[in-house]
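Structural features, examined
Listed below are the residues making up each chain.
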Amino acid sequence: MAIGAPAALRQNVPVPIPVILDVDTGVDDALALLFAASHPELDLVAVSCVAGNASLPLVVDNTLRVLHAVGADHVPVAAGAQRPLIEPARDAGHVHGGDGLAGIQLPPAERAAEPEVAVEFLRRTILAHPEPVTLVTLAPQTNIALLLRTYPEVTENIARVVFMGGAAGAGNATAVAEFNVWHDPEAAAIVLDSGVPLYMYGLDVFERVSVPQEVALELVASADPVSSLVGQLVNHRIRDRDGAESVYLGHIGDAGAVCSIVAPDALRTEHLPVRVELAGYGRGQTIVDRRQFPGEDLFHGLADGWVDVEVALEIDDERIANLFLDTVTKRR
Ligand code: RIB
Ligand code: CA
């Protein structure tokens, strides 16, 4: 072993993977932050915030409070875009509540966000890191698109982008589009076009990982404040289709995308051509080409615009749910 190797290497412990999360905190973004701050194989280097589930000020405040709750005040947080590149600012209050955190009251963080805007902060942080970082986008990709267009050189020190977004099958925001991509389709198209290795954690797996309600309720009653927070977040209910009833889903949502980094073999993926639709009702759809042969595209000049993406198609949902729960309730 080389003299001076990191202590982790000398003890045969995997060197933690440096990750930067881009979030729109958000109930499930909060779960992702708690996991990323707790898993010993992850080094949560930084967090950037973007408007999405809630307004930017709410997202920043929620993010600071969640990191404070898990003892991660040392992780810097930067504020980014207040709206998508083209689309107007919207929110997902019907899912995450008007405050973005399902009304869960957390103590305020005893610090503010970084003085730099996210694009500047991300450029400096990524280029200064001693090894390539994994960029985990759990929100509309406005910040990342602006970063890539402003400072394309950052791709030299980005190992890959793991994005919660899109779907090979049905959407959620529309019949065919997933919320993060639908919220800012141009941003998603720019990220797809970046040349950086891409890993898509879409709705096909996102909606599969949930916690039984009895487990959520046990956690709510836990004396451990982080476990109780996890229980409250997972126990958050959403309105059903006609808005009459509240429904328990128990999804860990965005947290599953972060779990996939430390347990890649719990998912089945394929490298497939992907494109983002920018027009018509399908605007915001990630079209995933699962055909065995390229078909007529090839003969009618439609074969351009596809990007190779590692798409998660199946997941061992129980294993990921247990990984998540074990990590956030037992923390290192
Ligand atoms: O479609 C699900 C995604 O939209 C999640 O990231 C959720 O937090 C919202 O941002
Ligand atoms: Ca999110």
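Provided above is the structure to which this section pertains.
These figures come from a predicted structure and were not determined experimentally.

1. Quick word on the coordination of the calcium ion (ligand 2)
By definition of the ideal shapes, a tetrahedral metal site with four donors has angles of 109.5 degrees and an octahedral site with six donors has angles of 90 or 180 degrees. The coordination sphere of the calcium ion (ligand 2) contains the protein donors Asp-24 (OD), Asp-29 (OD), Asp-29 (OD), Leu-138 (O) and Asp-254 (OD), at a distance range of 2.2 to 2.6 Å. Leu-138 sits in the buried class, given a relative accessible area of 1%. For Asp-254, a relative accessible area of 2% gives the class buried.

2. Notes on the site of ligand 1
Taken together, 13 residues lie around ligand 1, and Asp-28, Asn-172, Glu-178, Asn-180 and Asp-254 are the ones closest in. Contact distances for ligand 1 include 2.9 Å between an oxygen atom and a side-chain N or O atom of Asn-180. With respect to ligand 1, the side chain of Asp-254 contributes an N or O atom lying 2.6 Å from an oxygen atom. Relative to its unbound accessible area of 270 Å², ligand 1 is 95% covered by the protein chains.

3. Notes on the pattern of salt bridges
With the rule as written, the count across this model stands at 14 salt bridges. Between Arg-291 and Asp-289 there is a salt bridge, and its shortest N-O distance comes to 2.8 Å. Accessibility expressed as a relative area gives 38% for Arg-291, which makes it partly exposed. According to the relative accessible area criterion, Asp-289 is buried, its value standing at 12%. With its nearest N and O atoms 3.6 Å apart, the salt bridge here joins Asp-326 to Lys-330.

Conventions we followed
- Residues numbered from 1 in each chain as written.
- Chains lettered and ligands numbered in written order.
- Predicted model: local features only at pLDDT ≥ 70, side-chain atom pairs only at ≥ 80, totals over all residues.
- Heavy atoms only, no water.
- Donors = N, O, S within 2.8 Å, 3.2 Å for Na, K, Ca; no water.
- Buried < 20%, exposed > 50% of the residue type's maximum accessible area, 1.4 Å probe, protein only.
- Near = heavy atom within 4 Å.
- Polar contact = N/O pair within 3.5 Å; in protein donor to acceptor, adjacent residues only side chain to side chain.
- Areas by Shrake-Rupley, 256 points an atom, 1.4 Å probe, with all protein chains shown as cover.
- Salt bridge = Lys/Arg side-chain N within 4 Å of Asp/Glu carboxyl O.

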